[in-house]
Amino acid sequence: MAVLDVQNLTLSFGEDVLFKDISFDVKEKEKVGLIGANGAGKTSLFKIITGEYEPDGGAAFISKNATVGYMEQHTCSENRTVYEELISVFGELIEIEKELESLARNLTEGIGDQAENIEKQDRLTEKFNRDGGLTYKSMTRSALIGLGFEESDFAKPTSKLSGGQRSKLILAKLLLSKADFLLLDEPTNHLDIKSVEWLEGFLKDFSGACLIVSHDRYFLDKLTDKTVEIENGKCRSYTGNYSAFLKKKAAEQKAVEEKYENDMKEIERLEGIIAQQRQWNREKNIKTAESKEKVIERIKAQLVVPDSKLQKIRFDFTPKAESGEEVLTVSGISKSFDKKKLFENVSFRLMKGERVFLLGDNGCGKTTLLKIIMQDYLPDSGYFKFGANVLTGYFDQVQAKLDLSKNVLQEIWSNFPYMTETAVRSALAAFLFKGDDVYKELSDCSGGERARVALLKLMLGRFNLLLLDEPTNHLDAFSREELEKTILDYSGTVLIVSHDRYFVNKLATRILELTPDGVSEYLGNYDYYIERKNSALPDEKPREKEQPKKVNEYKLRKEQASNLRKAKTRLKKCEEEIDTVENELAEIEAGLTGSAYEELLELTASLEEKSKIRDALYSEWEELSEFIAENE
């Protein structure tokens with residue numbers, strides 16, 4: 001049964017259409033990822049679901065049995081401590097507990113009707129235990145510690161909390177509320193990796209449904225079993241997590257583009273035949289031309305035009321010079337602030353071409369260490385030195401080096417005065433600043449826009465060593481993917497601080513974990529890092545290589561050729577089945593408009609079933625295509 005049923009939803013702001021006629025559902029216990037580029041309308045969709053916005057068309061139906069929970073429902077009282085504020089979520093249990101204490105006193109002191117007191121005590125005790133009375137205090141402590149609060153923070157007044165701490169407290173209140181359908185809009189913001197992992201565990205065990213907007217792709221991969229994407233004003237549902245969505249979407253787009261290209265070639269061929277037949281102008285030729293025109297009409301009627309490609313940032317960090325093999329040596333560095341030790345005995349080396357990530361708890365000093373290397377801070381002890389011909393560029397997560405008195409164009413041009421205005425504007429266009437956007441004051445820019453300016457300055461510097469402090473903050477998933485591709489192709493060296501585990505996992509050749517006593521080294525990506533941290537087993541000894549068995553080469557070639565023929569036959573059949581299912585889906589979607597509510601539910605169920613069949617066919621199509629490409 002669906003807890004949320006979105007039907008033909010349309011929302012506009014003036015002439016700007018965010019999305020049109022979008023439909024999807026969220027079933028009980030489903031964890032659904034809602035993704036799309038910044039500005040696609042994800043948060044606006046949430047506001048429609050909660051009733052804050054009124055759509056231009058369509059509706060979002062919430063099951064009458066569902067209790068919706070979202071961040072904006074919860075605020076922080078200014079006259080409570082952190083612990084008091086969170087435990088207030090269990091107000092009903094607290095009142096029952098007080099009443100049970102009062103009844104216990106009455107029974108001990110013989111006050112009132114004893115039979116009535118016992119009956120009421122039994123009834124309230126049953127309700128107290130059933131609703132979580134035995135665990136609500138431990139759940140309160142667990143949520144606070146899990147989301148990064150220290151024991152010493154429990155007694156802190158909420159009025160003294162930072163913006164990030166306040167957001168975490170409100171998230172905790174949402175998680176411990178009685179809601180069974182959670183709307184989570186960027187829930188991992190302000191959380192370090194440990195807190196995100198706690199949140200993952202909590203939501204995995206959560207018995208209700210979730211609709212999650214997040215740029216944290218690792219988080220989505222761990223949690224979600226369905227992905228809904230809003231793109232170009234439309235939405236599509238895919239069975240599976242974020243990584244599964246990427247594969248299925250790529251296969252779908254490739255199939256649509258190839259079919260469109262083939263259809264257009266066929267139309268062009270038929271138009272040539274028609275022109276030729278009409279030139280001969282005999283009765284038989286005219287009938288042939290008319291017949292071919294009908295074929296063209298049928299092709300055009302079912303023609304699916306591929307979606308236009310989203311505008312993406314175009315990164316290029318190609319360095320202007322190569323460094324030596326040894327890029328950076330850090331030896332015995334320590335740092336304290338106000339007699340509080342951050343770290344000591346920090347030693348490591350960076351070699352040319354490495355992609356090294358610096359991980360550690362919030363507040364352990366990762367940013368401070370980068371600032372020491374950039375000579376913004378002095379170390380208390382130890383030293384560092386750069387290798388030969390090293391040119392260092394630094395991305396500051398708070399963009400403190402941007403001059404907020406300038407506009408976007410002035411900030412770039414003042415740092416690279418040798419460039420022409422045309423060259424500067426072209427570079428800005430690659431980072432999605434077009435037209436009058438280049439004159440926007442930096443003080444008026446969003447965090448994402450400032451991050452793009454800072455990244456562009458880094459790109460134009462053409463450095464061969466990049467120190468990046470949370471470079472994916474404020475970037476949507478698509479921009480993060482472009483940044484990943486660029487760094488993978490980068491010939492220089494990078495040292496990166498990041499909480500984005502997907503980003504770390506995809507890029508890291510080595511991980512350094514910063515602790516108060518130095519750094520621990522892990523020679524792999526994030527998955528390897530977690531595996532080694534969680535495992536007490538020593539490294540396995542490498543196994544001896546098995547001797548390859550002799551094979552009949554002729555027989556093997558025949559089998560491979562046979563498998564290739566079968567794969568090509570099945571690929572063609574698969575494409576035909578995809579066409580059939582896509583047509584059926586189009587008919588169902590057309591039937592959604594104007595249908596009664598009961599009929600809408602049936603059509604939605606049918607839509608979901610057909611979508612799963614389509615997703616399976618696209619997965620099979622992708623596997624077959626890869627097999628054919630590898631074996632031809």
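Quick caveat: nothing in here was measured; it's all calculated off a predicted structure.

1. A word on the overall build of the protein
Looking only at helices and strands, one finds 19 helices and 18 strands in the protein. Across its three principal axes, the protein shows a C-alpha extent of roughly 110 × 80 × 70 Å. The 632 residues of the protein split such that 44% are buried. Considering only contacts in the protein between residues 6 or more positions apart, those separated by 24 or more positions represent 69%. For the protein, the exposed area adds up to about 33300 Å²; of that, 49% sits on carbon and sulfur atoms. The centroid of the 91 positive side-chain charges in the protein is displaced by 5 Å from the centroid of its 112 negative side-chain charges.

2. A few points about the packing of aromatic side chains
Counting across every chain of the model gives 18 aromatic pairs. On the numbers, 5.8 Å between centres and 75 degrees between planes, the contact of phenylalanine 13 with tyrosine 53 is edge-to-face. On the criterion of sequence distance, the pair formed by phenylalanine 13 in strand β1 (residues 2-13) and tyrosine 53 in the loop between α1 (42-49) and β4 (57-62) is long-range, its members being 40 residues apart. Looking at phenylalanine 13, the relative accessible area reads 43%, which means it is partly exposed. In this structure tyrosine 53 comes out as partly exposed when scored by relative accessible area, which is 27%. Measuring from centroid to centroid gives 6.4 Å for phenylalanine 317 and tyrosine 490, while their planes differ by 80 degrees, and the two rings are edge-to-face.

3. Structural notes on the sheet that holds strand β11 (residues 340-351)
Sheet architecture is open: three strands sit in the order β11-β10-β13, paired in antiparallel fashion. In the strand order of this sheet, the two ends are held by β11 and β13 (381-386), each with one partner. Mean inter-strand twist for the sheet, computed between neighbouring axes without regard to direction, equals 15 degrees. Note that strand β10 (residues 326-337) and β11 share eight bridges and pair antiparallel. Looking at β11, one finds that phenylalanine 337 is bridged to lysine 340.

4. Things to note about the sheet that holds β4
Judged by pairing direction, the sheet is antiparallel, and its three strands sit side by side in the order β2-β1-β4 without closing on themselves. The open sheet is flanked by β2 (16-27) and β4, the only strands paired with a single partner. For this sheet, the mean inter-axis angle between neighbouring strands, taken without regard to orientation, is 15 degrees. For β1 and β4, the ladder comprises five bridges, and the chain directions are antiparallel. From the neighbouring strand, glutamine 7 faces β4, where its bridge partner is alanine 59. Contacts between α1 and the sheet are confined to β1, β2 and β4, with β1 contributing the most and set at about 120 degrees to the helix.

5. Quick look at unusual backbone geometry
Positive phi values are uncommon outside glycine, yet histidine 190 reaches one of about 75 degrees. Position of histidine 190 relative to the elements: it lies in the loop between β6 (181-185) and α7 (193-205). Classification of histidine 190 as partly exposed rests on a relative accessible area of 48%.

6. With respect to the nonpolar core
Judged by nonpolar contacts, the single largest core of 93 residues is most densely connected at Leu182, Leu203, Phe357, Leu428 and Phe431. Here this core gets eight residues from one element, more than from any other, and that element is helix α14 (residues 447-461). Apart from residues lying up to four places away in sequence, leucine 428 is in contact with Val408, Leu409, Ile412, Phe433, Val438 and Leu456. One finds Val3, Val6, Ile22 and Val26 within the second-largest nonpolar core, a separate group that totals 27 residues.

7. Things to note about the side chain of arginine 217
Structurally, arginine 217 is set in helix α8 (residues 217-223). Judged by its relative accessible area of 0%, arginine 217 is buried. A polar side-chain atom of arginine 217 sits 3.2 Å from a polar atom in the side chain of aspartate 500. Apart from the residues within four sequence positions on either side, arginine 217 is in contact with Tyr242, Ala477, Arg480, Glu481, Glu484, Asp500, Tyr502 and Phe503.

8. With respect to the packing of helix α6 (residues 163-176) against α7
Their axes nearest at 12 Å, the elements α6 and α7 cross at an angle of 15 degrees. Looking at the two axes, α6 sits roughly parallel to α7. The handedness of the crossing between α6 and α7 is left-handed. Between α6, through Leu171, Leu175 and Leu176, and α7, the contact on the second element is made entirely by Trp198, Leu199, Phe202 and Leu203. A per-class count over the contact of α6 with α7 returns seven nonpolar, no polar and no charged.

9. Considering the pattern of salt bridges
It is possible for side chains of opposite charge to pair when their charged atoms get near one another. The final tally for this structure, using the stated rule, is 47 salt bridges. Note that lysine 173 is salt-bridged to glutamate 85, the shortest N-O span being 2.6 Å. Placement of the pair is lysine 173 in helix α6 and glutamate 85 in helix α2 (residues 82-87), with a sequence separation of 88 residues. Two residues, lysine 457 and glutamate 411, come together in a salt bridge whose shortest N-O distance is 2.7 Å. Of this pair, lysine 457 sits in helix α14 while glutamate 411 is found in helix α12 (residues 408-415), placing the two residues 46 residues apart along the sequence. On the basis of relative accessibility, which here comes to 2%, the residue glutamate 411 falls in the buried class. A cluster of three or more residues bridged by salt bridges with shared partners is formed by Glu92, Lys127, Arg130, Asp131 and Lys178.

10. Observations regarding the environment of lysine 265
When you line up the elements, lysine 265 lands in helix α9 (residues 242-280). Residues lysine 265 and phenylalanine 416, 151 residues apart in the sequence, show an inter-C-alpha distance of 47 Å.

About the criteria used
Residues numbered from 1 in each chain as written. Predicted model: local features only at pLDDT ≥ 70, side-chain atom pairs only at ≥ 80, totals over all residues. Heavy atoms only, no water. Helix = DSSP H or I, 4+ residues; strand = E, 2+ residues; numbered from the N terminus. Buried < 20%, exposed > 50% of the residue type's maximum accessible area, 1.4 Å probe, protein only. Contact = heavy atoms within 4.5 Å. Areas by Shrake-Rupley, 256 points an atom, 1.4 Å probe, with all protein chains shown as cover. Lys, Arg positive; Asp, Glu negative; His and termini not counted. Charge placed at Lys NZ, Arg CZ, Asp CG, Glu CD. Phe/Tyr/Trp six-rings, centres within 6.5 Å; stacked < 30°, edge-to-face > 60°. Pairing = 2+ DSSP bridges. Axes fitted to C-alpha atoms, helices over the stretch in contact; angles between N-to-C directions. Core = buried A, V, L, I, M, F, W, Y, C linked by side-chain atoms within 4.5 Å. Polar contact = N/O pair within 3.5 Å; in protein donor to acceptor, adjacent residues only side chain to side chain. Parallel < 35°, antiparallel > 145°, perpendicular 65-115°, else oblique. Left-handed = near helix turned anticlockwise from the far one by under 90°. Nonpolar A, V, L, I, M, F, W, Y, C, P; charged D, E, K, R; others polar. Salt bridge = Lys/Arg side-chain N within 4 Å of Asp/Glu carboxyl O.

Keep in mind that these numbers describe shape and distance, not what the molecule does.
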